[in-house]
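Report on the structure
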Amino acid sequence: MGLSRVLFGQLDAIGDWGLLATDADLTVTGWNRWLAVRSGVPAEAAVGRRLYDLFPDLEARGLDRYYRQALGGQTAILS
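These notes cover the structure that comes with them. (Residues numbered from 1 in each chain as written. Predicted model: local features only at pLDDT ≥ 70, side-chain atom pairs only at ≥ 80, totals over all residues. Heavy atoms only, no water.)

Turning our attention to the layout of surface pockets. Over the atoms, a rolling probe the size of a water molecule traces out where space has been left empty. Its boundaries defined by the atoms lining it, the largest pocket holds a volume of some 880 Å³. Lining the largest pocket are 26 residues; nearest its centre among them are G18, L20, Y67, A76 and L78. (1 Å grid on protein atoms, 1.4 Å probe; cavity = no way out; pocket = protein on both sides within 12 Å on 5 of 7 lines; lining within 4 Å. Points joined across faces, edges and corners; volume = space filled by probe spheres on them.)

With that out of the way, let us pick up the packing of aromatic side chains. Tallied over the full model, the rule gives one aromatic pair. Consider the rings of W31 and F55, whose centres lie 6.0 Å apart with planes at 15 degrees: the pair is stacked. Placement of the pair is W31 in strand β2 (residues 28-31) and F55 in the loop between α4 (51-54) and α5 (57-60), with a sequence separation of 24 residues. (Phe/Tyr/Trp six-rings, centres within 6.5 Å; stacked < 30°, edge-to-face > 60°. Helix = DSSP H or I, 4+ residues; strand = E, 2+ residues; numbered from the N terminus.)

Okay, the nonpolar core next. With 12 residues, the main nonpolar core is built from L26, V28, W31, L35, V41, A46, L51, Y52, L54, L58, L63 and Y67. The element contributing the most residues to this core is α4, with three residues. In contact with L58, not counting residues within four places along its chain, are L51, Y52, L63, D64 and Y67. (Core = buried A, V, L, I, M, F, W, Y, C linked by side-chain atoms within 4.5 Å. Buried < 20%, exposed > 50% of the residue type's maximum accessible area, 1.4 Å probe, protein only. Contact = heavy atoms within 4.5 Å.)

This part is about the side chain of D64. Structurally, D64 can be placed in helix α6 (residues 64-71). Given the relative accessible area of 13%, D64 is considered buried. The residues touching D64, leaving out its near neighbours within four places in the chain, are Y52, L58 and E59.

On to the pairing of β2, then. Pairing of strand β1 (residues 20-22) with β2, which is carried by three bridges, proceeds in the antiparallel orientation. When the sheet's bridge partners are listed, L20 is paired in β2 with W31. Where β1 hands over to β2, the hairpin turn is made up of five residues, of which L26 adopts a positive phi near 60 degrees. (Pairing = 2+ DSSP bridges.)

Given below as structure tokens:
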């Protein structure tokens with residue numbers, strides 16, 4: 001995971017927000033408890049899967065551009 005497990009855990013502990021990490025191929029490498037509760041997808045089922053396999057409608061809704069921006073080094077915030 002590019003984002004260290006320790007940092008990911010610390011961010012998860014201090015905030016009430018969805019937090020996920022992916023590699024360059026958008027394979028999920030981190031999935032926090034907020035996402036597990038709100039999406040109904042436990043971390044064990046999300047980690048190791050491609051983001052678009054978990055949420056195929058991301059592309060149809062035009063949200064894939066935010067992930068491409070983030071992979072290109074730009075900040076992208078979804079709320």
